Structures are given as structure tokens and as C-alpha cells.
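If you want the building blocks of each chain, they are given just below.
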Amino acid sequence: MSDSSTELVDLRARLARLEAAEEVRSVMHRYACLIDIGLLDELVTEVLAPDVTLHLINFPPGDQGDVELSGIDEVKALYAQRLPATPTLAGGHHMTNLNVAVSQDASTAEASAYFLFTGRPVAQGGLYQARLACFDRRWKILEMNILSTWGWIPSATEPVTDAVAPSRAWRDGRPVYP
């Protein structure tokens, strides 16, 4: 193979990894947005792999108890109890320090990020650690650790702002997604 052919192959591989990293970032943010809005069906079909495993470490209320969910049905059952009954825009999860590492062949990736959850009446945070894979050109979460590492109930819980109906936002509040 000539030097220019090798260089072209290398550039294509690097581009594939960069595109994959951007898509993984989008999936991680989409996870937080969809649970906050309460769009459970979209969460389990567009963001989570069918055989997903979630490890909820120090699961709220933060008494050091852990919960493991295997497969979409278990995830859906737990999240259905905790998400808004009617989709709403009321804030919730915020993500920062999102780091992504994509495999050399751009078929799998790992992501980690700190999260902050603010909702009535709690403030809580921790760490997301996820393993993702690409299925039919769509990245999905295969396995995720959700470590709740701190939280409290603020003394002033009177709302300053009420929730907003999704219909008042573009795309019913859904994040931009390719």
C-alpha cells in the first residue's frame, strides 16, 4: 500500500472515531433529557440496547443499597415508577465533564460524566459510567453504572418556577438528535 493510501485509511479511521465520539456524547445527553421529560418509550427504544444492564449504585435515597436492572423490561418497570406520568419540562439531570473513549475500530465506546439532579425536593449528584455499542448505525447504551455519591434535601423547597408543558418548546422539548 502506498503512503498516500495508508494515510487515507488512517484519516478515515480517525474520522470514524471522532464521529462516533460525538454520537456517544449525544446519546449520553439524550439519556438525561428523555428521563427528565418522561419519554420512557423513546428512552428504551432509541438510547438503551435491548439487553441493557443498569447498575444503580447507592440508589436513592442513598442508603448504600444497590439495584441491578437487566434488560429493557426491568429498566422500563423501574423508570415508569420514577418518571413524570405526563411528559413535562421541569428540569432535572445536568451532565458535566463528559469524557468519551472510542475503540480503534469505532464499534464500541466508553463514556463517563458527573451528573447533578435538581428536582423537588432534592439535590443529588454522582457519576455516570457507560459502555456503548453501535447498532445499525445508532449508538446505544449496553451497560451503565449510575453512582449516587451525594445528595440532600434543601431547606427551602418552595418552587420558584413551575414546570412547562412540552408543547411549548420546539420538538416538544426533545433534544436535537440526528
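Residues numbered from 1 in each chain as written. Predicted model: local features only at pLDDT ≥ 70, side-chain atom pairs only at ≥ 80, totals over all residues. Heavy atoms only, no water.

Caption draft 1: Up close: the environment of Glu74. Structurally, Glu74 is set in helix α3 (residues 72-82). Sequence-wise, Glu74 and Val52 are 22 residues apart; in three dimensions their C-alpha atoms are separated by 9.6 Å. Reaching out from Glu74, the side chain makes a polar contact with the backbone nitrogen of Ser70 at a distance of 2.8 Å. (Helix = DSSP H or I, 4+ residues; strand = E, 2+ residues; numbered from the N terminus. Polar contact = N/O pair within 3.5 Å; in protein donor to acceptor, adjacent residues only side chain to side chain.)

Caption draft 2: View of the nonpolar core. Core analysis: the biggest nonpolar cluster contains 42 residues, and Met28, Tyr31, Leu43, Leu48, Tyr79, Ile141 and Met144 have the highest contact counts within it. Within the residue set of this core, elements represented by two or more residues are α1 (3-37), α2 (40-47), β1 (48-57), α3, β3 (93-102), β4 (108-119), β5 (122-135) and β6 (138-152). Element by element, the count of residues in this core is highest for α1, at 10 residues. Ignoring any residue separated from it by four or fewer positions in sequence, one finds Leu43 in contact with Tyr31, Leu34, Ile35, Leu48 and Tyr79. (Core = buried A, V, L, I, M, F, W, Y, C linked by side-chain atoms within 4.5 Å. Buried < 20%, exposed > 50% of the residue type's maximum accessible area, 1.4 Å probe, protein only. Contact = heavy atoms within 4.5 Å.)

Caption draft 3: Quick look at the side chain of Thr88. Considering the arrangement of structural elements, one finds Thr88 in the loop between α3 and β3. Other than its neighbours up to four places away in sequence, Thr88 contacts Asp36, Ile37, Ala163, Val164 and Pro166.

Caption draft 4: Examining the side chain of Ser148 more closely. Within the secondary structure, Ser148 is located in strand β6. If near-sequence neighbours (up to four positions away) are discounted, Ser148 is found in contact with Ile57, Asn58, Pro60, Phe115, Gln124, Gly125 and Gly126.

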